[in-house]
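# Report on the structure
Residue strings, one per chain:
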Amino acid sequence: MYRRIRDLREDRDLIQKDIANYLRCTQVCYSQYELGKRDIPTEVLIKLAEYYETSTDYILGLTDIRDPYPKVKK
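Residues numbered from 1 in each chain as written. Predicted model: local features only at pLDDT ≥ 70, side-chain atom pairs only at ≥ 80, totals over all residues. Heavy atoms only, no water.

### A look at the overall build of the protein
Helix and strand counts for the protein stand at five helices and zero strands. For the protein, the succession of helices and strands along the chain, N to C, is α-α-α-α-α. Its C-alpha radius of gyration of 12 Å places the protein within 12% of the 11 Å reference for a compact globule of 74 residues. When its C-alpha atoms are laid out on the principal axes, the protein stretches across 35 × 25 × 25 Å. Relative to its 74 residues, the protein shows a buried fraction of 34%. Excluding contacts between residues fewer than 6 apart, the proportion of contacts in the protein whose partners are at least 24 apart in sequence is 47%. In the protein, 14 positive and 13 negative side-chain charges are present, and the distance between their average locations comes to 4 Å. (Helix = DSSP H or I, 4+ residues; strand = E, 2+ residues; numbered from the N terminus. Rg over C-alpha atoms; globule rule 2.2 N^0.38 Å. Buried < 20%, exposed > 50% of the residue type's maximum accessible area, 1.4 Å probe, protein only. Contact = heavy atoms within 4.5 Å. Lys, Arg positive; Asp, Glu negative; His and termini not counted. Charge placed at Lys NZ, Arg CZ, Asp CG, Glu CD.)

Quick look at the structure:
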């Protein structure tokens, strides 16, 4: 999972500070997510999946398919 969020960020040529700003956390906090030193809260996981237009399952390593799931109509 930690490698995936780093790869997703690097694929978009972003730096950790960019994603930290989006998540409203510090760069150090985000760095710890990427290094696996801090668990990623569910809300942050969802925000990352939305930002990268992928599924939480992809980020978690449960699938290798990057495409997001269809949105649920409310």
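### Side note on the nonpolar core
Grouped together as the largest cluster of nonpolar side chains are 17 residues, with contacts concentrated most on Ile-5, Ile-19, Tyr-30, Tyr-33, Leu-48 and Ile-59. Elements represented by at least two residues in this core include exactly α1 (2-11), α2 (16-23), α3 (27-35), α4 (42-52) and α5 (56-60). It is α4 that provides the largest number of residues to this core, a total of five residues. (Core = buried A, V, L, I, M, F, W, Y, C linked by side-chain atoms within 4.5 Å.)

### Concerning the packing of α2 against α3
As a packed pair, α2 and α3 sit with axes 8 Å apart at the nearest point and diverge in direction by 105 degrees. As far as their axial angle goes, α3 and α2 are roughly perpendicular. Two secondary-structure elements touch here, α2 through Gln-16, Lys-17, Ile-19, Ala-20 and Leu-23 and α3 through Gln-27, Tyr-30, Ser-31 and Glu-34. A per-class count over the contact of α2 with α3 returns four nonpolar, three polar and two charged. (Axes fitted to C-alpha atoms, helices over the stretch in contact; angles between N-to-C directions. Parallel < 35°, antiparallel > 145°, perpendicular 65-115°, else oblique. Nonpolar A, V, L, I, M, F, W, Y, C, P; charged D, E, K, R; others polar.)

### Digging into α1
Among the residues of α1, Arg-4, Ile-5, Leu-8 and Arg-9 are the ones counted as buried. The buried residues of α1 occupy an angular sector of 135 degrees when the element is viewed end-on, so they sit on one face. Contact partners of the buried residues in α1: α2, α3, α4 and α5. Immediately beyond the C-terminal end of α1, within one or two residues, lies Asp-13, with a positive phi of roughly 55 degrees. (Arc of directions from axis to C-beta.)

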